[in-house]
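If you want the building blocks of each chain, they are given just below.
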Amino acid sequence: MDWTGRRFELEIGAVAHGGHCVGRFDGRVVFVRHALPGERVLVEVTEDRGGSFCRADAVEVFQASPDRVEPACPVARPGECGGCDWQHASWPAQRALKATVVAEQLRRLAGVEVDVLVEELPGGPLGWRTRTRLAVDGQGHAGFRAHRSHRVVPIADCPIALPGALDDVLAAQWPPGAELEVTRDGGGEVHVSELPQVRPTRRRGARVPVKPKPHRVSGGGTAVEHAAGRDWRLAAHGFWQVHPASADTLASVVADWAKASPGADAWDLYGGVGLFASVLAEQVGVTGSVLVVESSRRAVQDGSADLADLPQLSWRAGRVEDVLGSPELAEQRPEVVVLDPPRKGAGRAVVDAIAARGPARVVYVACDPAALARDVAGFAGHGYRLAALRAFDAFPMTHHVECVALLTS
């Protein structure tokens with residue numbers, strides 16, 4: 001039976017990974033957004049594909065958690081913007097929920113018991129987001145998509161965006177169906193790019209880019225950032241940490257835990273423009289070497305220019321698993337490896353390739369606790385243990401959390 005649209009009362013249980021809590025009704029698991037553990041709520045099922053679970057929103061609260069607060073954004077509600085998961089929870093409660101998720105993922109997927117504290121970053125829970133992707137509705141208004149939907153929710157403002165970053169974008173008219181990328185860089189300049197649209201074709205339902213009009217870009221194509229004691233110039237919408245304090249914070253933790261020896265070899269995998277490589281280069285000095293592997297050729301180009309004063313760096317453009325499997329790296333034995341993979345994690349092939357080189361320390365930067373836990377389990381199979389973990393609330397109001405793990409053999 002399809003429960004979509006059905007309403008019923010539910011006692012809310014523990015938090016789960018993904019920005020929702022778990023309840024049970026009539027023998028099925030219900031993943032509920034806009035609720036908090038311990039609450040009694042009225043839910044409406046929003047998605048039911050059969051099987052043992054369905055998804056729902058809490059549309060009325062009968063017994064509220066003491067951690068419940070009024071959302072800062074008028075569209076952070078059931079059926080509206082899907083960008084924020086925890087605006088209805090106090091900031092301390094948000095961090096506690098994320099700590100529970102990180103600890104549970106490590107316990108369940110890696111068999112590791114660890115106490116987790118999610119640390120706040122400077123600036124508070126609002127006005128932090130420097131990079132934003134928006135969609136445009138049929139009337140040409142920019143907004144965000146509803147949760148697990150293509151429907152666009154127009155907005156007048158976004159409380160988690162840096163003040164002023166979206167003002168011009170939200171005031172403008174855009175081609176219906178467009179996607180927009182907005183970056184406010186470390187120098188205060190706002191960069192806006194209109195992305196090519198895609199449309200379905202008659203050939204087997206494939207989707208191909210619509211021949212785009214010239215991108216509407218303002219602010220130039222290069223962003224300026226500052227972190228780890230350096231100025232960085234990179235593609236405006238290339239990878240960089242979203243929270244203004246993240247890059248410096250993570251670079252500091254990497255420096256503390258990498259402890260690369262003077263003259264040693266080190267690797268920075270998924271290295272972007274070389275933020276962590278710059279830290280490693282200072283540690284190994286000119287007699288050592290740091291290999292940076294990054295799939296984005298533009299990032300390699302920008303990083304090579306930004307770090308041209310560090311001759312101990314060498315760059316490889318390509319997928320990490322491919323580069324590590326190349327004959328030229330077969331004999332390399334780095335003392336320390338730093339990796340910052342995408343949300344899906346590094347995966348078995350990369351973990352095995354790193355462990356085969358026997359580094360004394362692996363510093364793993366992760367934006368998804370489940371992917372981190374799976375890879376920690378992979379390293380454990382090679383004799384590595386989780387020696388230390390720090391977690392940071394680099395994405396307040398959302399379910400995302402940034403972790404740094406130290407693995408030692």
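Residues numbered from 1 in each chain as written. Predicted model: local features only at pLDDT ≥ 70, side-chain atom pairs only at ≥ 80, totals over all residues. Heavy atoms only, no water.

Our next topic: the pairing of strand 8 (residues 131-136). Two faces belong to every sheet, and in a regular strand the side chains alternate between them. Counting buried positions along strand 8 yields five of six residues, so the element is predominantly enclosed. Here strand 8 runs beside strand 9 (residues 142-145); their pairing, made up of two bridges, is antiparallel. Its bridge partner being in strand 9, Ala135 is matched across the sheet by Gly143. Following strand 8, the chain reverses through five residues before pairing antiparallel with strand 9; Gly140 in that reversal takes a positive phi of roughly 85 degrees. (Buried < 20%, exposed > 50% of the residue type's maximum accessible area, 1.4 Å probe, protein only. Helix = DSSP H or I, 4+ residues; strand = E, 2+ residues; numbered from the N terminus. Pairing = 2+ DSSP bridges.)

Before going further, it helps to spend a moment on the confidence of the model for the chain. Per-residue pLDDT for the chain averages 94, and the proportion of residues at 70 or more is 94%. Throughout residues 208-215 the model reports pLDDT below 50, and contacts reaching past four residues in sequence, or to other chains, amount to 16 contacts. (pLDDT = per-residue confidence, 0-100. Contact = heavy atoms within 4.5 Å.)

Our next topic: the sheet that holds strand 6 (residues 53-63). Strand order in the open sheet formed by six strands is 1-5-6-4-3-2, and the pairing between neighbours is mixed. Across the chains shown, the open sheet's two edge strands, defined by having one partner strand only, are strand 1 (7-11) and strand 2 (15-16). Pairing of strand 4 (residues 28-33) with strand 6 involves five bridges; the strand directions are parallel. The residue bridging Val29 from the neighbouring strand is Phe53, located in strand 6.

Next up on the list: the packing of helix 7 (residues 348-356) against helix 8 (residues 369-380). The N-to-C vectors of helix 7 and helix 8 enclose an angle of 40 degrees; their axes lie 9 Å apart at closest approach. Classified by the angle between their axes, helix 7 and helix 8 sit oblique to one another. For the crossing formed where helix 7 meets helix 8, the hand is right-handed. The residues of helix 8 that touch helix 7, namely those facing Arg348, Val351 and Ile354, are Asp375, Gly378 and Phe379. Residues that form the contact of helix 7 with helix 8 fall into these classes: three nonpolar, one polar and two charged. (Axes fitted to C-alpha atoms, helices over the stretch in contact; angles between N-to-C directions. Parallel < 35°, antiparallel > 145°, perpendicular 65-115°, else oblique. Left-handed = near helix turned anticlockwise from the far one by under 90°. Nonpolar A, V, L, I, M, F, W, Y, C, P; charged D, E, K, R; others polar.)

Across all of its chains, the model carries seven aromatic pairs by this definition. Ring geometry for Trp3 against Phe8: centres 5.7 Å apart, planes inclined by 75 degrees, an arrangement best described as edge-to-face. For the pair shown, Trp3 and Phe8 are each scored as buried. Ring geometry for Trp128 and Phe395: centres 6.3 Å apart, planes at 80 degrees, overall edge-to-face. Here the residue Trp128 occupies a position in the loop between strand 7 (118-120) and strand 8, and Phe395 occupies one in the loop between strand 23 (385-393) and strand 24 (402-408), the gap between them amounting to 267 residues. (Phe/Tyr/Trp six-rings, centres within 6.5 Å; stacked < 30°, edge-to-face > 60°.)

Turning our attention to the UniProt feature "active site" (unreviewed entry) in the chain. Here the UniProt feature "active site" (unreviewed entry) sits at Cys367. Looking at the element boundaries, Cys367 is found in the loop between strand 22 (361-366) and helix 8. Not counting residues within four places of it along the chain, the set of residues in contact with Cys367 comprises Pro342, Arg343, Val401 and Glu402. (UniProt positions renumbered as here; feature names shortened; annotations may be inferred.)

This chain's UniProt record puts "domain: TRAM" (unreviewed entry) on residues 1-60. Secondary structure within residues 1-60 divides into 0% helix and 58% strand; the distance between the first and last C-alpha atoms comes to 24 Å.

In this section: the sheet that holds strand 20 (residues 313-317). An order of 7-23-24-22-21-18-19-20 is seen for the eight strands of this open sheet, with the pairing classed as mixed. The two strands at the open ends of the sheet, each matched to only one other strand, are strand 7 and strand 20. The mean angle between the axes of side-by-side strands here comes to 15 degrees, regardless of whether they run parallel or antiparallel. Taken together, the five bridges between strand 19 (residues 289-294) and strand 20 define a ladder with parallel strand orientation. When the sheet's bridge partners are listed, Val290 is paired in strand 20 with Leu313. Contacting strand 19 and strand 20, helix 5 (residues 297-306) runs over the sheet at an angle of about 165 degrees to strand 20.

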